[in-house]
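# Inside the fold
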Amino acid sequence: MTNKKYQKLTSILQEMKSVVVAFSGGVDSTFLLKVAVETLGRDHVLAVTADSETYPSSELLEAKELAKKIGVKHEVIETSELAIPGYTENDKNRCYFCKNSLFELLIPIMEEKGFGNVVYGVIADDLNEHRPGMRAAKERGVRGPLQEANLFKEEIRDLSKQFDLPTWDKPSFACLSSRIAYGEKITKEKLTKVEKAEAYLKTLNIRQVRVRTHQEVARIEVEPNDMKIVLENHDSISEELNTYGYQYVTLDLIGYKSGSMNKILI
């Protein structure tokens with residue numbers, strides 16, 4: 001089944017002929033970029049990464065290294081989600097504003113450089129999630145080849161491993177704004193606080209982590225196997241996160257769950 005989906009993906013890309021890939025360096029966009037280069041050739045693919053307040057510097061560095069490894073042309077553009085009207089209010093349409101602004105920047109690059117399409121790493125799993133960015137893509141004519149080929153995350157990881165991509169087992173990542181509770185204003189200071197907190201927790205050999213922010217409360221999400229690490233280091237974790245501005249530090253007993261902030265939207 002996976003091989004059939006892969007063949008469908010390559011057929012979709014062949015039909016496009018040339019693409020600009022919205023490239024974050026995550027599991028999905030890295031796989032999409034790799035297959036695009038393999039299918040269309042490096043002269044017909046351009047990777048573009050948006051560097052902003054919501055994108056950790058460590059992720060940007062990794063994206064640059066991945067693009068170099070894949071051997072594709074790579075451009076980094078400076079953006080600011082915090083300057084997008086409606087974004088900092090952080091309502092349920094936040095991701096729509098973000099993706100709409102991103103595509104608004106990528107489409108002129110596509111046109112200026114003579115590429116045929118803008119594509120991004122939306123996947124089959126996202127059809128069952130709250131993903132307002134998909135509406136922005138539809139409105140802008142931006143396509144999601146992975147989703148069109150009905151590829152799910154685990155299938156993409158398996159195929160990435162076959163391609164020897166280092167991202168095959170990379171923890172899932174989403175922009176830092178996704179850590180801040182809906183309705184709570186997004187600021188540069190809060191994004192920095194989240195980035196520092198998660199970076200610190202990763203130094204404890206915690207693979208997958210989210211520091212969900214509810215005003216002055218840090219709600220730490222890790223995979224169940226890593227909860228022991230948090231509990232064993234609870235004093236140092238609390239002290240460190242206090243220095244970043246969190247007054248209260250908690251551990252979510254349900255564990256890491258992608259999009260957990262969306263519960264309030266149900």
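Conventions used here
Residues numbered from 1 in each chain as written. Predicted model: local features only at pLDDT ≥ 70, side-chain atom pairs only at ≥ 80, totals over all residues. Heavy atoms only, no water. Phe/Tyr/Trp six-rings, centres within 6.5 Å; stacked < 30°, edge-to-face > 60°. Helix = DSSP H or I, 4+ residues; strand = E, 2+ residues; numbered from the N terminus. Buried < 20%, exposed > 50% of the residue type's maximum accessible area, 1.4 Å probe, protein only. Lys NZ or Arg CZ within 6 Å of the ring centre and 35° of its normal. Pairing = 2+ DSSP bridges. Axes fitted to C-alpha atoms, helices over the stretch in contact; angles between N-to-C directions. Contact = heavy atoms within 4.5 Å. Core = buried A, V, L, I, M, F, W, Y, C linked by side-chain atoms within 4.5 Å. Expected span 1.5 Å × (residues − 1). UniProt positions renumbered as here; feature names shortened; annotations may be inferred. Salt bridge = Lys/Arg side-chain N within 4 Å of Asp/Glu carboxyl O.

### Side note on the packing of aromatic side chains
- For the coordinates displayed, the defined rule picks out 4 aromatic pairs.
- Where Phe-103 meets Tyr-120, the ring centres are 5.3 Å apart and the plane angle is 70 degrees; that geometry is what we call edge-to-face. In this pair, Phe-103 is assigned in helix H4 (residues 94-113) and Tyr-120 in the loop between strand S4 (117-119) and helix H5 (133-140), connecting sequence segments 17 residues apart. Take Phe-103 and Tyr-120: they sit in the same class, and that class is buried.
- An aromatic cluster is defined as three or more aromatic residues linked by ring pairs; in this entry it consists of Tyr-6, Phe-31 and Phe-163.
- Here Arg-135 stacks its cationic end above the ring of Tyr-96, 4.0 Å away from the centre of that ring.
- The lysine or arginine in question, Lys-161, covers the ring of Trp-168, its NZ or CZ lying 4.5 Å from the ring centre.

### Considering the sheet that holds strand S3 (residues 73-78)
- The strand order S3-S2-S1-S4 describes an open sheet built from 4 strands, whose pairing is parallel. Single-partner strands in this sheet number two, and they are S3 and S4. Across the sheet, the mean angle from the axis of one strand to that of its neighbour is 25 degrees, orientation sign disregarded.
- Pairing between strand S1 (residues 19-22) and S4: 3 bridges, direction parallel. Within S4, the residue paired with Val-20 across the bridge is Val-118.
- Running over the sheet, helix H3 (residues 57-70) touches strand S2 (45-51) and S3 and is turned about 160 degrees from S3.

### So, the nonpolar core
- Counting 33 residues, the largest nonpolar core has Leu-9, Val-19, Phe-31 and Val-45 as its most contacted members.
- Secondary structure elements with two or more residues in this core: helix H1 (2-16), S1, helix H2 (27-40), S2, H3 and helix H7 (153-162).
- Here this core takes 8 residues from H2, the largest share from any one element.
- Contact partners of Phe-31, with chain neighbours within four places excluded, come to Tyr-6, Leu-9, Leu-146, Leu-151, Ile-156, Leu-159, Ser-160, Phe-163 and Leu-165.
- If you look at the next biggest cluster of nonpolar residues, it comprises 25 residues, including Tyr-87, Ala-218, Leu-241 and Tyr-246.

### Section: the sheet that holds strand S7 (residues 248-251)
- With respect to topology, 3 strands assemble into an open sheet ordered S5-S6-S7, the strand pairing being mixed. The two strands at the open ends of the sheet, each matched to only one other strand, are strand S5 (209-214) and S7. The sheet shows a mean angle of 25 degrees between the axes of neighbouring strands, taken without regard to direction.
- Bridge analysis of strand S6 (residues 217-222) against S7 gives 4 bridges, and the strand direction is parallel. Across the sheet, the residue bridging to Arg-219 is Thr-250, located in S7.
- The strands touched by helix H8 (residues 188-202) are S5 and S6; relative to S5, the strand with the most contacts, the crossing angle is about 145 degrees.
- Contacts from helix H10 (residues 234-243) reach S6 and S7 within the one sheet, and its direction differs from that of S7 by about 135 degrees.

### Topic: H2
- Between its terminal C-alpha atoms H2 stretches 20 Å, which fits the 20 Å expected from 14 residues at 1.5 Å a residue.
- Downstream of H2 by one or two residues, Gly-41 has phi in the positive range, about 90 degrees.

### Structural notes on the UniProt feature "domain: NAD/GMP synthase" (unreviewed entry) in the protein chain
- Sequence positions flagged by UniProt for "domain: NAD/GMP synthase" (unreviewed entry) are, in local numbering, residues 15-81.
- With 45% helix and 25% strand, residues 15-81 has end C-alpha atoms that lie 32 Å from one another.

### Describing the pattern of salt bridges
- Tallied over the entire structure, the rule returns 19 salt bridges.
- Arg-143 serves as the salt-bridge partner of Glu-15, at 3.0 Å between the closest nitrogen and oxygen. With a gap of 128 residues between them, Glu-15 in helix H1 and Arg-143 in the loop between H5 and helix H6 (145-148) connect regions that are remote in the sequence.
- Judged by relative accessible area, Glu-15 falls into the partly exposed class, the value being 48%.
- Residue Arg-219 is joined to Asp-252 by a salt bridge in which the shortest nitrogen-to-oxygen separation is 2.7 Å. Taken as a pair, Arg-219 in strand S6 and Asp-252 in the segment after S7 lie far apart in primary sequence, 33 residues in all.

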